[in-house]
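So you can see what is in the structure, the chains are spelled out below.
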Amino acid sequence: MTMPKPDPSAPAIQIRGLGKWFGAFKVLDGIDLTVERGEKLVICGPSGSGKSTLIRTVNGLESIQEGEIRVDGIRLTRQPETVEAIRRRVGMVFQQFNLFPHLTVLENCALALRLVQGMAPKEAEERSMHYLRKVHIPDQARKYAAQLSGGQQQRVAIARALAMQPDIMLFDEPTSSLDPEMVKEVLDTMVELAGEGMTMAVVTHEMGFARQVADRVIFMDHGKIVEEASPETFFSAPRAERARAFLQQILH
Amino acid sequence: MQYADNIDYPPLLTRPAVFLPGLAVLFVLLYLWHVGATAIGGGILEVLGLAGTGQADLVVAAVITAVAALNLMVVLRLELRWQVWVVWAELAALILLFFYSFDLSFDFIRRKLPFLITQGLLTTIYISAISIAIASVLAMIGAVAKLSSNGIAIGIANFYTSLFRGLPLLMQIYLIYLGLPQLGYVVDAVPAGIAALSLCYGAYMTEIFRAGIESIPKGQWEASRALGLKPQSTMGRIILPQAMRIIIPPTGNQFIAMLKDSSLVSVVGVWELMYLARTQGQTEFRHVEMMITASMIYWILSIVLELVQARIERHYNRASTR
């Protein structure tokens, strides 16, 4: 089988009738969601609502049992070719950073360029340095992850994902395990990225970020999308009772 | 000390409640064991010019107790690093003194040592080194098989570790050397020994490698997958290099154990160190000389392996130390 071809007119992410169980528990239930190219989507909801699981299904880190997912028009199956094609187009940033602790910052960024894209070492280093400058930590390139602060580590993780030059970036609670004073530096990096037109799906509770950047906010509860609105509407007049209660909890 | 607290508890041996009764117990035990009648006791009395005294036990016990007390007081004042070295050297000296008390013929050892080294030691190193290399490869394959989602691979790997950890190594050597010819394959003694050692230690090390790989957090796999790394790259470039930190110390143990278990190969007539130690001593009834010499050679080899292990551990720890 050859590499599946992307469809340039298709939306960035298209999810239809998505369902997923963890054992007898249905974590995702009939999700329909389209993310247009260049769109910034913020996903929020209480813990256990399935929001992280949802974005982890997009690049195949979680299996699905119902429905379908298309990324740039490529339908996600369990075939290696489609999963590889989709992972090439999708970058991901995790709550726990997940940097490779045995590699330097520069090697963290360059490794996949060399192994996945077959880039020459020198070229991979140059590309990595470019993205490290973009997240404002080129001077840390020779250090190991354990020598950096949490905020710096997360910015390296962003640079590592960006170096692969994806079309879409997924953020899974990128600031949730950071000390308060480091949240801003990571959010600033993400705002810059949004300004450059990157398609972004962000699971976060940072409502300031959502207001500033999001084109659309979706609120999830019990594996379903309960509310879908522009940030202005969502924050000023949420329709769903559950969303109102949630907003009261986190905004005060 | 990695986890030392910031409290200076008085060292156990500096507490009078421990130090003085400890010395008293040492003195009483030495006296009750008639230390004056031992070779060491005799030596001490001779040095003091008191040979033939009626109170030999009392004098020797007192001398040894006094030396121990003085020694402790000196060692306790040293820096930790020096304490370790001095204690190590003293214990080594005691062991050598113990061997010396056997009244060994050093002339005999000197005559036999070159052959023990050129034939015995070299064979031992040769067998161990090849077995270690093959066992590591087998362990890697076994661990990856056990963690795979391939039922056939898991079945083979489970059976392999069960069988080769379950049978005595000696049996495995016999089975390969004497059993395989039944199937029409005649194996020489050295290849048979290498095969048995490799298979047996590969089985133990499979479990070490598996535990090491499993200890790496799931997030490392997920980050690798999200970046598009293939399973082989993820294992080879991300998981294993990190797992090495956990795999190395118990693997070092296995290598040292294997070095000495290579002596079992002598049962099929391989002229390795232990075989020569047994046969060379027979001619002149100097068994003890050869056994002790061989033991010392094994010990030195183990120390070399320990040093190598420490170096490798430092290498894989470099990212976690500032």
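What you see is a predicted model; the values in this text were computed from it and never measured. (Residues numbered from 1 in each chain as written. Chains lettered and ligands numbered in written order. Predicted model: local features only at pLDDT ≥ 70, side-chain atom pairs only at ≥ 80, totals over all residues. Heavy atoms only, no water.)

1. With respect to the interface of chain A and chain B
For the record, the criterion: Residue contacts are counted whenever heavy atoms from the two residues lie within 4.5 Å of one another. The term buried area refers to how much accessible surface (probe radius 1.4 Å) is lost by two components on association, counted for both of them together. Basic side-chain nitrogens of Lys or Arg form a salt bridge, by our definition, when they fall within 4 Å of a carboxyl oxygen of Asp or Glu. Each polar contact in these results corresponds to two N or O atoms within 3.5 Å; when the atoms are within protein, one needs to be able to donate a hydrogen and the other to accept it, and residues that are neighboring in sequence are counted only if both atoms are side-chain atoms. In DSSP terms, a helix is any run of H or I states spanning at least four residues, a strand is any run of E spanning at least two, and both are numbered starting from the N terminus.
Taken together, the 24 residues of chain A in the interface contact 20 residues of chain B. A combined buried area of about 2000 Å² lies between chain A and chain B, and 60% of that area is made up of carbon and sulfur atoms. Contact with chain B buries surface across chain A, with A:R87, A:F100 and A:H102 losing the most and accounting together for 26% of the total. Inspection of the chain A/chain B interface yields two salt bridges. We note a salt bridge from B:K230 to A:E84, for which the minimum N-O separation is 3.2 Å. Put simply, chain A and chain B have five residue pairs in polar contact (both at pLDDT 80 or more) between them. At the level of secondary structure, the elements contributing two or more residues to the side of chain A that touches chain B comprise α2 (80-89), β6 (90-93), α3 (105-117) and α5 (150-163) of chain A. When residues in the side of chain A that touches chain B are grouped by element, the largest group, four residues, is from α3(A).

2. Concerning a nonpolar patch on the surface
All names here are of chain B. Under the convention used in this document: Like charges within 9 Å and nonpolar side chains (Val, Leu, Ile, Met, Phe, Trp, Tyr) within 5 Å are joined into patches, using only residues over 30% in relative accessible area that form no salt bridge. The accessible surface values rely on the Shrake-Rupley method and a 1.4 Å probe; as for residues, cover is taken only from the protein chains in view. Residue exposure (1.4 Å probe, protein chains only): buried if accessible area is under 20% of the type maximum, exposed if over 50%, otherwise partly exposed.
Taken together, the side chains of F159, L163, L167, L170, M171, Y174, L175, L178 and V267 present a nonpolar region at the surface, about 750 Å² in accessible area. When residues of the nonpolar patch are traced back to their parent elements, those giving at least two are α6 (151-166) and α7 (169-179). A per-element tally of the nonpolar patch places α7 first, with five residues. Relative to the helices and strands, V267 is located in the loop between α10 (231-261) and α11 (273-282). In this structure V267 comes out as partly exposed when scored by relative accessible area, which is 36%.

3. A short note on the environment of A:L187
With respect to the element layout, A:L187 can be found in helix α6 (residues 180-195). Sequence separation of A:L187 and A:L132 is 55 residues, and the distance between their C-alpha atoms is 16 Å.

4. Section: unusual backbone geometry
Positive phi, close to 45 degrees, is recorded for A:E173, a residue that is not glycine. Along the polypeptide, A:E173 turns up in the loop between β7 (168-172) and α6. In this structure, B:F285 is a non-glycine residue whose phi angle is positive, near 55 degrees. When you line up the elements, B:F285 lands in the loop between α11 and α12 (287-317).

5. As for helix α4 (residues 121-134) of chain A
Residue and element names in this part refer to chain A. Note the following rule: For a helix, the expected span equals 1.5 Å multiplied by the residue count minus one. This arc corresponds to the set of directions leading from the helix axis out to the C-beta atoms.
Relative to the 20 Å expected for 14 residues at 1.5 Å per residue, α4 spans 20 Å between its end C-alpha atoms, a close match to the ideal helical length. Among all positions of α4, only A124, R127, S128, Y131 and L132 are buried. In a view along the axis of α4, the buried residues occupy a sector of 140 degrees, so they form one face of it. Check the buried side of α4 and you find it contacts α3 and α5. Note on α4: the residue one or two positions beyond its end, H136, has a positive phi of about 65 degrees.

6. A look at the sheet that holds strand β10 (residues 224-229) of chain A
Residue and element names in this part refer to chain A. Operational definition: At least two DSSP bridges between two strands are required for those strands to pair. In this analysis an axis means a line fitted to C-alpha atoms, helices contributing only their contacting stretch, and an angle means the value between N-to-C directions, from 0 to 180 degrees.
If you trace the six strands from one edge of the open sheet to the other, you get β6-β7-β8-β3-β9-β10, paired in mixed fashion. Single-partner strands in this sheet number two, and they are β6 and β10. Between one strand and the next, the sheet's axes are offset by a mean angle of 20 degrees, whatever the strand orientation. Bridging between β6 and β7 involves four bridges; their strand directions are parallel. Along β7, the bridge assignment pairs V93 with F171. Strands in contact with α2 are β6 and β7; relative to β6, the strand with the most contacts, it is inclined by about 65 degrees. Lying on the sheet, α6 is in contact with β3 (40-44), β7 and β8 (199-203); it crosses β8 at an angle near 150 degrees.

7. So, the packing of α11(B) against α12(B)
Residues and elements named next belong to chain B. This is how it is decided: Reported orientations rely on four angle classes, namely roughly parallel under 35 degrees, roughly antiparallel over 145, roughly perpendicular from 65 to 115, and oblique for the rest. Crossing handedness: left-handed means the near helix sits turned counterclockwise from the far one by under a right angle, and right-handed means the same turn made clockwise.
Their axes nearest at 7 Å, the elements α11 and α12 cross at an angle of 160 degrees. As judged from the angle between their axes, α11 and α12 are roughly antiparallel. Considering only the axes of α11 and α12, their crossing is right-handed. Contact residues: L273, M274, A277, R278, Q280, G281 and Q282 in α11; H287, M290, M291, A294, I297 and Y298 in α12.

8. Some points on the packing of α7(B) against helix α8 (residues 189-214) of chain B
Residues and elements named next belong to chain B. Condition: Residues are grouped as follows: nonpolar covers Ala, Val, Leu, Ile, Met, Phe, Trp, Tyr, Cys and Pro; charged covers Asp, Glu, Lys and Arg; every other residue, Gly included, is treated as polar.
The N-to-C vectors of α7 and α8 enclose an angle of 135 degrees; their axes lie 9 Å apart at closest approach. By the angle between their axes, α7 is oblique relative to α8. Where α7 crosses over α8, the handedness of that crossing is right-handed. Facing L169, Q172, I173, I176 and Y177 of α7, the residues of α8 in contact are A189, A192, A195, A196, L197, L199, C200 and Y201. A breakdown of the residues in the contact of α7 with α8 according to their chemical character gives twelve nonpolar, one polar and no charged.

These results come straight from atomic positions and should not be treated as a statement about function.
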